[in-house]
Amino acid sequence: MSLIEICDLHATVDGKEILKGIDLTIDAGEVHAIMGPNGSGKSTLSYVLAGRDGYEVTSGQVLFDGQNLLEMAVDERARSGMFLAFQYPVEIPGVATTTFLKTAVNAVREHRGEGALDAMQFLKFVREKAGALNINDDMLRRALNVGFSGGEKKRNEVLQMAVLEPKFSVLDETDSGLDIDALKIVADGVNALRGAERSMLIITHYQRLLDHIVPDQVHILAGGKIIQSGDKMLALELEEKGYASFAGAEAA
Amino acid sequence: MAVSTETLEQVNSISGDGYKHGFVTDIEQESAPKGLNEDTIRFISAKKDEPEWMLEWRLKAYRYWLTMPEPEWAKVDFSPIDYQDAYYFSAPKSDAEKPKNLDEVDPKLLETYEKLGIPLREQEVLAGIAVDAVFDSVSVATTYKKKLEEVGVIFCSFSEAVQEHPELVKKYLGSVVPYADNKHACLNCAVFTDGSFVYIPKGVRCPMELSTYFRINAENTGQFERTLIIADEGSYVSYLEGCTAPQRDEHQLHAAVVELVALDDAEIKYSTVQNWYPGDEEGRGGIYNFVTKRGACRGNNSKIAWTQVETGSAITWKYPSCLLMGDNSVGEFYSVAITANRQQADTGTKMIHIGKNTRSTIISKGISAGRADQSYRGLVKVMASAEGARNFTQCDSLLIGDQCGAHTVPYIETSNPSARVEHEATTAKISEDQLFYCSQRGLSTEEAVSVIVNGFCKEVMKTLPMEFAVEAQKLIGISLEGSVG
């Protein structure tokens, strides 16, 4: 059974239709990439999947592990194993990263019928994952994302992914604002989370991230629809030729 | 078995030592009749078997009270108080009238205790279960008292102190908050029922946090509580007032007075968590919490710190303050005030710098939701004598929704050019983005608001003693339930 099945999804924002019929199937263990010009609906798709207010689904359906995703509340989707790595992670002053993570992890564990981790257990658990991402204790103690550089924020998103162990992750332009070294660290972190039970949807502008996180399939999103799909070679072709050359396919 | 006033007056003139039961009402009654007059005060004093000087002190205040106008300058709205429409002394419930176990207690109340994580034994005490059925609490209180006696710390009810330690009470009572200070404090002087009395001897560091919880048999304490804490030279005490559990009271007006005195090198830490019944969604029936709290740093190098978490009451009107008289004395005020639904609060502090090199710190966090309104009102006053005074003030407001209000009214008055006074203020809303981020990580809306608000209040929360802090964090989450979405 596919992990994610999106059928003819239409969505509007502020009364304007942005998604005009998205069809997409992602099986467990697969990593798909979505590329597209600005305004094509990439972020809209990620917000619709996460369930953000203000993004209205007008028709279509999304099945997540066989369940009707669109009927679930934002936090329910999250606890069922859906994760969105934000393009612009917000700051939450006064809330230490570890404190925030512990609350989130225990919420998911409770949903799965597992016991909550106490402070000591959790610290041990998070340190293991943090080490691999070059995140030290000091950063863990800081308030969530407050004063973090772009790279630190993205690494923090991947840390949260590592700690929450979601079944399906949407990475919204995780590579934006990263230098080469930071990109490598983030990509390694993401790759370490790939598994037969897990799937990912990577949203990006640039082919370069896909050199590090090699996708099973690539889709081109333009004008609110997926106009072409292919394997990783498609991304290279897109980089060479640009979006305009694929625009003709939009009419089809 | 009423005695006529005339007879009493005759007896009075004959006996000469001042027959204190000089009134018409039958003192065999358990409760004073409704209303307020000199008789009521004599009744209270007689019931408590007070010495003559205490009764005189009360009457002096009462007579002055009659001449005082109602204060109306605060930014709170309420219909005029009918002072005659209240009972000023009610009998404590007999054991027979109290519930026998938790099954007899209102389930909604128990639900709140659960949410706050209050241990079962403590729940029983809070619910007013007959004391002899709560063995643990009695034995804990006994061990507690023994430890304090060993080091000479006096911690008892105010009524007991009037009997057992009159010299201390006479010396300090009314010296920090005189009866003429304000109308509500004056009323308290006339009709106060009970409260705490603490005396820490020279050089003693009180071995444990003193908590009102341990005055198990305290009755009638909410209404006009009177507390006096004296820290002698070189001593230290941390005092906890209140509890996170919601408290109902049939008396609407709560006008407490708290006086703190710190001598040379002494330190008093006073923490309050207040969760009096706030009224229904429309604000009806809640408690009016009009409190006067003041600390005098009389000694050199003395320190007084106030921390308050105010989440209850329909109206909160209080300014825990510090008089920084001794050289190098320090005053601190940390506050979290939450108003939701229709609650109102006008709260803050006064830091009066008098001695040399005095320092004060004010950190106020106000959270407003629903159609609530709150104001921070603060005074930093530097007298001409206060050479080298330093103050830092930070007031932050957080608004939830678009129908609530938060205001800041800071007063700064300096008469000494060497003073340094800093004031910072911020106002913010809980953003949709923050809530969405938290939800996307699996937190329910309630958990998200709690996490964000606790983060906002962190600087204040960390000044609370540990046991209070954990409960207070949960209380903050509960107070804002239903405010978002």
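Everything below is about the structure shown above.
Residues numbered from 1 in each chain as written. Chains lettered and ligands numbered in written order. Predicted model: local features only at pLDDT ≥ 70, side-chain atom pairs only at ≥ 80, totals over all residues.

Our next topic: helix α6 (residues 150-164) of chain A. Residue and element names in this part refer to chain A. The terminal C-alpha atoms of α6 lie 21 Å apart, and with 15 residues this matches the ideal 21 Å at 1.5 Å per residue to within 8%. Counting buried positions along α6 gives 11 out of 15 residues, so the element sits mostly inside the fold. Within α6, burial applies to Lys-154, Arg-155, Asn-156, Glu-157, Val-158, Leu-159, Gln-160, Met-161, Ala-162, Val-163 and Leu-164. At its buried positions, α6 is contacted by β6 (82-85), α3 (97-111), α4 (119-132), β9 (168-172) and α7 (180-192). Looking one or two places after α6, you find Glu-165, whose phi comes out positive at around 45°. (Helix = DSSP H or I, 4+ residues; strand = E, 2+ residues; numbered from the N terminus. Expected span 1.5 Å × (residues − 1). Buried ≥ 20, exposed ≤ 12 C-beta atoms within 10 Å, placed from the backbone. Contact = placed C-beta atoms within 7 Å.)

Let's shift gears to the pairing of strand β17 (residues 390-399) of chain B. Residue and element names in this part refer to chain B. For strand β15 (residues 359-368) and β17, the ladder comprises 10 bridges, and the chain directions are parallel. By the bridge assignment for β17, Ser-368 is matched with Leu-399. Note that β17 and strand β19 (residues 420-429) share 10 bridges and pair parallel. When the bridges of β19 are listed, Phe-392 appears paired with Glu-422. (Pairing = 2+ DSSP bridges.)

Packed helix pairs are specified by the crossing angle of their axes together with the interaxial distance, meaning the distance between the axes. Residue and element names in this part refer to chain B. Two elements in contact, helix α2 (residues 38-47) and helix α3 (residues 52-65), have axes separated by 10 Å at closest approach and are oriented at 155°. Judged by the angle between their axes, α2 and α3 are roughly antiparallel. Read as a crossing pair, α2 and α3 show a hand that is right-handed. Across the interface between the two elements, Glu-38, Ile-41, Arg-42 and Ser-45 of α2 pack against Met-54, Leu-55, Arg-58, Leu-59 and Tyr-62 of α3. Of the residues that constitute the contact of α2 with α3, the class distribution is five nonpolar, one polar and three charged. (Axes fitted to C-alpha atoms, helices over the stretch in contact; angles between N-to-C directions. Parallel < 35°, antiparallel > 145°, perpendicular 65-115°, else oblique. Left-handed = near helix turned anticlockwise from the far one by under 90°. Nonpolar A, V, L, I, M, F, W, Y, C, P; charged D, E, K, R; others polar.)

This part is about the sheet that holds β6(A). Residues and elements named next belong to chain A. Read from one edge to the other, the open sheet built from six strands follows the order β6-β9-β10-β3-β11-β12, with strand pairing classed as mixed. Among the strands making up the open sheet, the edge pair consists of β6 and β12 (225-230). Within the sheet, the average angular offset between the axes of one strand and its neighbour, ignoring direction, is 20°. Of the strand pairs in this sheet, β9 and strand β10 (residues 199-203) are connected by five bridges, and their pairing is parallel. Following the sheet pairing, Leu-171 is matched in β10 by Ile-202. Its contacts with the sheet put helix α1 (residues 42-50) on β3 (31-35), β6, β9, β10 and β11 (217-222), and the angle it makes with β9 is roughly 145°.

Right, let's get into the environment of A:Asp27. Residues and elements named next belong to chain A. Looking at where Asp-27 falls in the secondary structure, it is placed in strand β2 (residues 16-27). In this structure Asp-27 comes out as partly exposed when scored by C-beta crowding, with 14 C-beta atoms within 10 Å. When the C-alpha atoms of Asp-27 and Asp-137 are compared, they prove to be 36 Å apart, with 110 residues separating the residues in sequence. For Asp-27, the residues in contact, after removing those within four places along its chain, are Ser-2 and Leu-3.

Attention now goes to unusual backbone geometry. Across residues other than glycine, the phi torsion is negative in most instances, and most of the peptide bonds are trans. Despite not being glycine, A:Asp8 shows a phi value in the positive range, around 45°. When you line up the elements, A:Asp8 lands in strand β1 (residues 2-13). Positive phi outside glycine occurs at B:Asn301, with the angle close to 60°. In this fold, B:Asn301 is placed in the loop between β9 (288-297) and β10 (303-310).

Residue and element names in this part refer to chain A. Taken in spatial order, the four strands make up an open sheet running β2-β1-β4-β5, and their pairing is antiparallel. Of all the strands in the sheet, the pair left with one neighbour each is β2 and β5 (67-68). In this structure, β1 lies alongside β2, joined through nine bridges in antiparallel fashion. What sits directly across from Ile-6, in β2, is Leu-24.

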